[in-house]
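Chain by chain, the residues:
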Amino acid sequence: MSHHSNDLRETVRERYAAAAVQVTEGGTACCGPQAIEVDDNFGSTLYAAAERDALPAEAVAASLGCGNPTAVADLHEGDRVLDLGSGGGIDVLLSARRVGPTGKAYGLDMTEEMLALALANQKKAGATNVEFLKGTIEAIPLPANTIDVVISNCVINLSTDKPAVFAEMFRVLAPGGRIGISDVVADDQLGPDQRAERGDYVGCIAGALSFTEYGEGLAAAGFTDIEVIPTHAVADGMHSAMVRATKPTAPTGTTAQAPARPTSFDSCSAGSGC
Ligand SMILES: C[S@@+](CC[C@H](N)C(=O)[O-])C[C@H]1O[C@@H](n2cnc3c(N)ncnc32)[C@H](O)[C@@H]1O
């Protein structure tokens, strides 16, 4: 990894360590980019009230996501789920309830302070089918073919090596496994400079991929049935989006598909859990 990438990752780690400490001291971590007003585009209002009410208050307060990946992923009893960049653990704890005692929910995060907060939240929730792992999403500390569903909430945009993240998701998924991700995605016509004008890197804006870049990155890693669908705007020309794709059950050779590009912009109000 280059010096620049290392520095950027350390800046991201420091930003989220501070957010975790803020929650641990009784505040809230929300919200996203400093360049736009603090609003309902990020954080716990993106979940249904019933989901929030079932969790420890600190897990809800720590929510820094831009969607509800557990709804995007359509989890089932018995699924083995991995949340990339699990933060305070909100999506891991929701997943654990969905998959039940025969399933398992893993959370992976590189920030010690977030992991401490997540472990405390797991204890408060009394969840036993949960495990938090320390590591990076570019080098996932799990064996190949062991996960049914990879979820993630507003984290992949923060990675300085997105092809490595896509390759790692593909590696850990069992054949037939799938991804259900919420992330910030830019309109195709916005170049890197225009994305950076709209918000900073640690605030989940400047590092966002475009729709085409996201789809092509997933296809290059081997995924099929790729969808990148906007749900709500987070800045001018930047959207929170649902990302879905599947790892084929058998090697497909050249069958990677072009991403399904939405033809219309679907707005979706905060709180509906989309
Ligand atoms: C915007 S927060 C989202 C947290 C959580 N998914 C949520 O919805 O509240 C980003 C999280 O990803 C973690 N993170 C960022 N880059 C990472 C990387 N390369 N590897 C592992 N964790 C990372 C941060 O430590 C932080 O907890």
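- The name recorded for the chain in an unreviewed UniProt entry is Arsenite methyltransferase, from Streptomyces rubiginosohelvolus.
- Per UniProt, the chain has the following entry under Sequence similarities (unreviewed entry): "Belongs to the methyltransferase superfamily. Arsenite methyltransferase family."

## Some details on the packing of helix α1 (residues 3–24) against helix α6 (residues 112–125)
- Across the interface, α1 lies against α6 with an axial gap of 7 Å and an inter-helix angle of 35°. Here the hand of the crossing between α1 and α6 comes out left-handed. Contacts between α1 and α6 pair Arg13, Tyr16, Ala17, Ala19, Ala20, Val21, Val23 and Thr24 from the former with Glu113, Met114 and Leu117 from the latter.
- Taken together, the residues that form the contact of α1 with α6 break down as eight nonpolar, one polar and two charged.

## Focus on α1
- The end-to-end C-alpha distance of α1 is 31 Å, a good match for the 32 Å that 22 residues give at a rise of 1.5 Å each.
- When α1 is considered as a whole, its buried residues turn out to be Ser5, Leu8, Val12, Arg15, Tyr16, Ala17, Ala19, Ala20 and Val23.
- Contact partners of the buried residues in α1: α3 (57–61) and α6.
- Immediately downstream of α1, the backbone of Gly26 shows phi near 105°, a positive value.

## A short note on the site of the ligand
- In the vicinity of the ligand lie 23 residues, with Leu64, Gly85, Asp109, Thr111 and Ile137 positioned nearest.
- Between the ligand and Thr111, the relevant distance is 2.6 Å, taken from an oxygen atom to a side-chain nitrogen or oxygen of the residue.
- Ile137 is positioned with one of its backbone polar atoms (N or O) 3.1 Å from a nitrogen atom of the ligand.
- Considered class by class, the residues forming the shell around the ligand number eleven nonpolar, nine polar and three charged.

## A few points about the nonpolar core
- Leu82, Met169, Ile179, Tyr214 and Leu218 are the most contacted members of the largest nonpolar core, which totals 32 residues.
- Elements with a minimum of two residues in this core: β1 (80–84), β2 (104–109), β4 (147–153), α7 (162–172), β5 (173–186), α9 (211–221), β7 (224–235) and β8 (238–246).
- In terms of residue count, the dominant contributor to this core is α9 (five residues).
- Non-local contacts of Leu218, meaning those with residues more than four positions away in its chain, are made with Phe166, Met169, Ile179, Phe223, Ile226, Val243 and Ala245.
- Counting 26 residues, the second-largest nonpolar core is a separate cluster that includes Val23, Cys66, Leu190 and Tyr201.

## Describing unusual backbone geometry
- Even without being glycine, Cys154 reaches a positive phi, approximately 65°.
- The residue Cys154 is located in the loop between β4 and α7 in this model.
- Here Cys154 falls in the buried class, since its relative accessible area comes to 4%.
- Here Cys204, not a glycine, exhibits a phi torsion of approximately 75°, which is positive.
- Here Cys204 is to be found in the loop between α8 (192–197) and β6 (209–210).
- Cys204 gets classed as buried once you look at its relative accessible area, which sits at 2%.

About the thresholds
Residues numbered from 1 in each chain as written. Predicted model: local features only at pLDDT ≥ 70, side-chain atom pairs only at ≥ 80, totals over all residues. Heavy atoms only, no water. UniProt positions renumbered as here; feature names shortened; annotations may be inferred. Axes fitted to C-alpha atoms, helices over the stretch in contact; angles between N-to-C directions. Helix = DSSP H or I, 4+ residues; strand = E, 2+ residues; numbered from the N terminus. Left-handed = near helix turned anticlockwise from the far one by under 90°. Contact = heavy atoms within 4.5 Å. Nonpolar A, V, L, I, M, F, W, Y, C, P; charged D, E, K, R; others polar. Expected span 1.5 Å × (residues − 1). Buried < 20%, exposed > 50% of the residue type's maximum accessible area, 1.4 Å probe, protein only. Near = heavy atom within 4 Å. Polar contact = N/O pair within 3.5 Å; in protein donor to acceptor, adjacent residues only side chain to side chain. Core = buried A, V, L, I, M, F, W, Y, C linked by side-chain atoms within 4.5 Å.

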